[in-house]
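Structural overview
The residues making up each chain are set out below.
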Amino acid sequence: MKKNNIILILVLLLLVIIITYREMSREMAKKEGLQKAPELTGISGYFNTENIKISDLKGKVVLVDFWTYSCINCIRTLPHLIEWDKKYRDMGLVIIGVHTPEFDFEKKYENVQDAIDRHWIEYAIVQDNDYKTWNAYSNRFWPHKYLIDHKGNIRYDHIGEGEYEETEKKIQELLMEIDKKAGDVSISKLEDNTPKVRTTSELYAGFGFALPRGQNIGNKGGLQSGNVVDYKTEGDFKKDVIYLEGKWRSNEDNLRAQDNRSASIILGFTANNVNLVADSLNDKPVKVDVLINGDYIDETQAGSDVEFDGKRSYITVDKPRLYNLFNGYYGTYLLKLRTDSKDFAFNAFTFG
């Protein structure tokens with residue numbers, strides 16, 4: 001038999017073996033109820049990486065984390081992801097943060113880069129601005145973690161915050177399939193900041209987000225899509241409802257102050273931590289006074305973004321992000337935010 005014929009037969013046999021192995025793997029995965037991890041698709045930007053693909057990571061354990069940078073639930077998970085990246089990267093763990101934006105400003109590359117720098121994230125982040133990877137995973141939540149084994153199968157997923165010990169044990173379990181040393185690593189002891197008490201639910205400002213959720217403002221006439229309204233208040237404030245004073249424009253994903261006179265937001269809430277997703281338009285920093293129960297907030301209750309000038313307490317809104325307003329004892333309070341700048345806009349309140 002000629003040498004060329006022998007080589008051809010060997011190549012054909014190799015192809016048959018590869019195809020048979022793939023089919024057997026698929027059948028085994030089906031029997032075990034496993035799903036092949038969808039590929040990253042529609043990615044418009046990369047951070048800490050270049051053109052990363054899940055299909056190129058066979059032999060690794062991959063953690064895909066859907067997040068968006070102004071989401072407080074996502075922010076509270078970041079220390080755990082950063083810790084796992086440091087502990088297990090050299091053992092074969094690859095973390096990919098899929099940044100799928102909720103608000104328009106979260107689509108901007110420079111805003112995502114700023115958040116990555118602010119939180120000291122070193123693992124790979126990709127931008128999923130058109131929700132193509134989100135839809136490929138049939139995802140509906142921020143945050144949502146998927147663990148993919150070294151064969152490319154989804155073996156675990158977790159929605160929301162918490163269950164960090166369970167998730168880390170699953171990381172170790174999958175890593176032990178490729179590196180037994182992973183089982184010798186102690187479980188992290190980072191604090192779990194998932195709220196343990198009932199708080200006011202997330203409240204949206206833009207009509208496209210608030211109205212479908214039944215979250216209209218408390219003022220007479222409510223949100224009026226695309227219009228400017230000079231809002232008045234009439235005394236009593238229902239808890240967990242946003243009220244406005246002054247002129248505001250109702251936009252799809254935010255409310256924007258409309259003149260350089262006083263405009264205010266009033267909100268009764270129950271929580272020990274309050275955050276505001278806000279922006280200063282036209283690149284002009286905006287000062288927003290922060291008052292609790294009718295007085296300027298004091299240092300014992302002030303969130304990490306609150307500043308002081310004598311008795312005055314305020315935040316400086318200079319870029320689109322989440323600002324921490326209140327960090328005090330759990331209870332029910334009346335918050336008032338006041339500004340005299342038409343460059344101020346806000347998207348949502350979140351609580352902890």
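Data block above holds the structure.
In this report, the structure presented in the accompanying data block is examined. (Residues numbered from 1 in each chain as written. Predicted model: local features only at pLDDT ≥ 70, side-chain atom pairs only at ≥ 80, totals over all residues. Heavy atoms only, no water.)

With respect to the nonpolar core
Note that soluble globular proteins tend to have their nonpolar side chains buried in a common cluster. In plain terms, the rule: Among the buried residues, those of types Ala, Val, Leu, Ile, Met, Phe, Trp, Tyr and Cys that are joined through side-chain atoms within 4.5 Å form a nonpolar core. Classification of residues uses two cut-offs on accessible area relative to the type maximum, computed with a 1.4 Å probe and protein chains only: under 20% is buried, over 50% is exposed, and between them is partly exposed. Labels follow the DSSP assignment, with helices taken as runs of H or I lasting at least four residues and strands as runs of E lasting at least two, numbered in each case from the N terminus. Every residue pair with non-hydrogen atoms within 4.5 Å of one another is taken to be in contact.
Core analysis: the biggest nonpolar cluster contains 76 residues, and Trp248, Phe269, Phe344, Phe346 and Phe349 have the highest contact counts within it. Counting residues per element, this core draws most heavily on strand β12 (residues 263-280), at 9 residues. In contact with Phe346, other than residues within four places in its own chain, are Ala205, Ile242, Leu244, Trp248, Asp253, Asn254, Leu255, Ile265, Leu276, Val277 and Ala278.

Quick look at the pattern of salt bridges
Heads up, the rule is: Counted as salt bridges are all cases of a side-chain nitrogen of Lys or Arg within 4 Å of a carboxyl oxygen of Asp or Glu.
The final tally for this structure, using the stated rule, is 19 salt bridges. Between Asp259 and Arg261 there is a salt bridge; the shortest N-O distance is 3.3 Å. Looking at Asp259, the relative accessible area reads 14%, which means it is buried. Judged by its relative accessible area of 55%, Arg261 is exposed. Note that Arg338 and Asp289 form a salt bridge whose closest N and O atoms lie 3.4 Å from each other. Of the two residues, Arg338 sits in strand β17 (residues 321-339) while Asp289 sits in strand β13 (residues 286-292), which places them 49 residues apart along the sequence. For Arg338, a relative accessible area of 25% gives the class partly exposed. The network of salt bridges with shared partners includes Asp114, Arg118 and Lys319.

As for unusual backbone geometry
Each neighbour pair has its own omega, and for Trp142 with Pro143 the value is -15 degrees, a cis peptide bond. Unlike most non-glycine residues, Asp283 shows phi in positive territory, near 60 degrees. The residue Asp283 is located in the loop between β12 and β13 in this model. The phi angle at Asn293 is positive, at roughly 50 degrees, despite the residue not being glycine.

Quick notes on the pairing of strand β10 (residues 242-250)
Using the following cut-off: Two strands qualify as a pair provided that DSSP identifies no fewer than 2 bridges between them.
In this structure, strand β9 (residues 228-231) lies alongside β10, joined through 4 bridges in antiparallel fashion. Within β10, the position partnered with Asp230 by the bridge is Lys247. Pairing between β10 and β12: 4 bridges, direction antiparallel. Directly across from Ile242, in β12, lies its bridge partner Leu267. Bridge analysis of β10 against strand β11 (residues 255-257) gives 3 bridges, and the strand direction is antiparallel. Bridge pairing links Arg249 to Arg256 in β11.

Details of the packing of aromatic side chains
Here is the rule we go by: In this scheme Phe, Tyr and Trp rings, the latter by its six-membered ring, pair at centre separations within 6.5 Å, and the angle between planes marks the pair as stacked below 30 degrees, edge-to-face above 60, and tilted otherwise. Only lysine NZ and arginine CZ atoms are considered, and such an atom sits over a ring when it is within 6 Å of the ring centre and within 35 degrees of the ring normal.
Overall, the coordinates contain 22 aromatic pairs when judged by the stated rule. Considering the side-chain rings of Trp84 and Tyr164, the 6.4 Å spacing of their centres and the 55 degrees angle between planes classify their relative orientation as tilted. Of this pair, Trp84 sits in helix α2 (residues 72-88) while Tyr164 sits in helix α5 (residues 164-175); the two residues are 80 residues apart in sequence, bridging distant segments of the chain. Like Trp84, the residue Tyr164 is buried in the burial classification. An aromatic cluster is present here, built from Phe66, Tyr131, Trp134, Tyr137, Trp142 and Tyr146 joined pairwise through their rings. One cation-aromatic arrangement involves Arg213 over Tyr204; the distance from NZ or CZ to the ring centre is 4.3 Å. Its guanidinium or amino end placed over the ring of Tyr323, Arg321 lies 4.0 Å from that ring's centre, counting from NZ or CZ.

With respect to α5
The criterion, for reference: By this rule, a helix spans an expected 1.5 Å times one less than how many residues it contains.
For α5, built from 12 residues, the straight-helix expectation of 16 Å at 1.5 Å per residue is met to within 8% by its first-to-last C-alpha distance of 16 Å. Buried residues of α5: Tyr164, Thr167, Glu168, Lys170, Ile171, Gln172, Leu174 and Leu175, and no others.

Some points on a negative patch on the surface
Put simply, the rule is: Each patch is built from residues that are more than 30% exposed by relative accessible area and take part in no salt bridge. Like charges join if they lie within 9 Å; nonpolar side chains (Val, Leu, Ile, Met, Phe, Trp, Tyr) join within 5 Å. Using a 1.4 Å probe, accessible areas were evaluated by the Shrake-Rupley method; residue-level cover was limited to the displayed protein chains. In this tally, Lys and Arg are treated as positive and Asp and Glu as negative; His is ignored, and so are the chain termini. In this description, the location of a charge corresponds to atom NZ of lysine, CZ of arginine, CG of aspartate or CD of glutamate.
Negative charge collects at one region of the surface, where Glu163, Glu166, Glu191 and Asp192 lie side by side. Within the fold, Glu163 resides in the loop between β7 (153-159) and α5.

With respect to the sheet that holds strand β5 (residues 124-127)
For the record, the criterion: Helix axes are fitted only over the stretch in contact, all axes being lines through C-alpha atoms; the angle between N-to-C directions runs from 0 to 180 degrees.
A sheet is described by the order of its strands in space; here 7 strands give the open sequence β1-β7-β6-β3-β4-β5-β2, paired in mixed fashion. Taken across any chain shown, the strands that pair with only one partner, and hence form the sheet edges, are β1 (35-36) and β2 (45-47). Note: strand β3 (residues 61-67) against strand β4 (residues 93-99), 7 bridges, orientation parallel. Among the inter-strand pairings, Phe66 is bridged to a residue of β4, identified as Val98. The strands touched by α5 are β3, β4, β6 (144-148) and β7; relative to β7, the strand with the most contacts, the crossing angle is about 170 degrees.

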